[in-house]
Amino acid sequence: MSTISYAIVMKALKNLLRAQKISYADLANRIDVPEDTLKKWFTSTDGAYSRISLICQAAGVSFSELLKDLERQNVVTYEMGGEQQAYFSKDYHAFKVYWLLVYERLSVESIQKLLQLNLGELKKILLKLDRFKLIELGPYDKVVTPEVVPIRWSPKGVFMRKIFTDWSHGVIEKSTSSEKSGDIILQYFQISSESEVELREDLIKLEEKYARRTSREMGMKEIEIKKMRFLCALAEGGYV
């Protein structure tokens, strides 16, 4: 079943059932299992794939097509708005809060401690992020973050160009100081236009493959998650 786990498939099925407005009670009746048992199937991190087959049949979807949809999940290019970039340019702490909440999925309490913010400062930032629709503040200030999806960051805008520069320096410094060989590669090619197109396509495929895995694996409690920074750049010209 490739790299797609039982838990990821069940999450996709849950979203599909929600879209079709099929309740647990309806589904339990269709496949003739107790509703409590069915709920356990969905919350379990592992289980028999015969369960998935039963649910797919009840929902009218092919198991193989469901897997293909997960494998070819689109990578979305995310371009941050000008007003958002202006705000983050003035308050870099706010960007850190946004990043840690949405992309590293840390709790509000952990972020407050990590960034050494007082409650008033943090609340002000959260309200601003909510206004920009980057997060959603629910009842009792509960923070709702967007669903994890595979994205590609657009470098457009003054703030994003600064972030790309800072991130690039950080990746290079970390890689060159690592004892592992091959963490950073600097290469020079002299190739045809056709080969250049193929090189760019191959690099995009590699990036998208692991962006998809990120969106699938971040929510998997049964595996150890490592935070990895990836930098890829091409530029025409020689070294001199």
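See the structure shown above.
Right, let's walk through the structure included here.

Calculation rules
- Every chain is numbered independently, its residues counted from 1 as its sequence is written.
- Given that the model is predicted, a residue must reach a pLDDT of at least 70 before its local features are reported, and side-chain atom pairs must reach 80 or more before they are shown or counted; all residues, however, enter totals for whole chains, interfaces and linings.
- In computing side-chain properties, one takes all heavy atoms of the structure into account and sets aside hydrogens as well as water.
- Only DSSP runs of H or I covering at least 4 residues are called helices, and only runs of E covering at least 2 are called strands; the numbering of each starts at the N terminus.
- Note on definitions: a residue-residue contact is assigned when non-hydrogen atoms from the two residues lie within 4.5 Å.
- For the accessible areas, the method is Shrake-Rupley and the probe is 1.4 Å, while residue cover comes only from the protein chains on display.
- Positive residues here are Lys and Arg, negative ones are Asp and Glu, while His and the chain termini are left out of the count.
- Every charge is mapped onto a representative atom, which is NZ of Lys, CZ of Arg, CG of Asp or CD of Glu.
- Side-chain rings of Phe, Tyr and Trp (the six-membered ring for Trp) are treated as a pair once their centres are within 6.5 Å; stacked means planes under 30 degrees apart, edge-to-face means over 60, and tilted covers the remaining angles.
- The criterion is that NZ of a Lys, or CZ of an Arg, lies within 6 Å of the ring centre and within 35 degrees of the ring normal, and then a charge sits over that ring.
- In the sections that follow, a salt bridge refers to a side-chain nitrogen of Lys or Arg positioned within 4 Å of a carboxyl oxygen of Asp or Glu.
- Three labels apply to residues, based on accessible area from a 1.4 Å probe with only protein chains included: buried if under 20% of the type maximum, exposed if over 50%, partly exposed otherwise in between.
- Here, the term nonpolar core denotes a set of buried Ala, Val, Leu, Ile, Met, Phe, Trp, Tyr and Cys residues that are joined through side-chain atoms within 4.5 Å.

1. A short note on the overall build of the protein
Move 1: Along its length, the protein carries 11 helices and 4 strands.
Move 2: Projected onto its principal axes, the C-alpha positions of the protein cover 70 × 55 × 35 Å.
Move 3: Restricting to contacts in the protein with at least 6 residues of sequence separation, those with at least 24 account for 67%.
Move 4: Put simply, the protein shows about 16500 Å² of open surface, and 53% of that area lies on carbon and sulfur atoms.
Move 5: Taking the average place of the 36 positive charges on the side chains of the protein and the average place of its 33 negative ones, the gap between the two points comes to 4 Å.

2. Focus: the packing of aromatic side chains
Move 1: Summed over all chains, the structure comprises 21 aromatic pairs.
Move 2: Centre to centre, the rings of Tyr188 and Tyr239 are 5.4 Å apart; their planes meet at 45°, and the pair counts as tilted. Here Tyr239 lies in the segment after helix 11 (193–217) and Tyr188 lies in the loop between helix 10 (158–177) and helix 11, a separation of 51 residues in the sequence.
Move 3: Above the ring of Tyr87, the side-chain terminus of Lys128 is found at 5.5 Å from the ring centroid.
Move 4: The ring of Tyr92 has Lys162 sitting right over it, with the charged end atom 5.2 Å from the ring centre.

3. Points about the pattern of salt bridges
Two side chains that carry opposite charge are able to pair once their charged atoms sit near each other.
Move 1: Evaluation of the coordinates by the stated rule reveals 10 salt bridges.
Move 2: Its salt-bridge partner being Lys39, residue Glu35 comes within 3.6 Å of it at the nearest N-O pair. One end of the pair, Glu35, and the other, Lys39, are both in helix 3 (residues 35–43), 4 residues apart, so they sit about a helical turn from each other.
Move 3: For Lys39, a relative accessible area of 35% puts it in the partly exposed group.
Move 4: For Lys162, the salt bridge goes to Asp166, with nearest N and O atoms at 2.7 Å. Pair noted here: Lys162 and Asp166 are both in helix 10, with a separation of 4 residues, about one helical turn.
Move 5: Residue class for Lys162 comes out partly exposed when judged on its relative accessible area of 44%.
Move 6: Owing to a relative accessible area of 33%, Asp166 belongs among the partly exposed residues under this scheme.

4. Focus on the nonpolar core
The nonpolar side chains of a soluble globular protein tend to be buried, and buried together.
Move 1: Phe88, Val97 and Tyr98 are the most contacted members of the largest nonpolar core, which has 26 residues in total.
Move 2: Elements with a minimum of two residues in this core: helix 6 (82–90), helix 7 (92–102), helix 8 (108–115), helix 9 (119–131) and helix 10.
Move 3: With residues near it in sequence (within four places) discarded, Tyr98 still touches Tyr78, Met80, Phe88, Tyr103, Leu129, Leu134 and Trp153.
Move 4: In terms of nonpolar packing, the next biggest core, distinct from the first, is built from 23 residues, Met10, Ala28, Val33 and Leu38 among them.

5. Some thoughts on unusual backbone geometry
Move 1: Positive phi outside glycine occurs at Lys21, with the angle close to 60°.
Move 2: Tracing the backbone through its elements, the reader meets Lys21 in the loop between helix 1 (6–19) and helix 2 (24–31).
Move 3: Phi is positive for Gln116, which is not a glycine, with a value near 55°.

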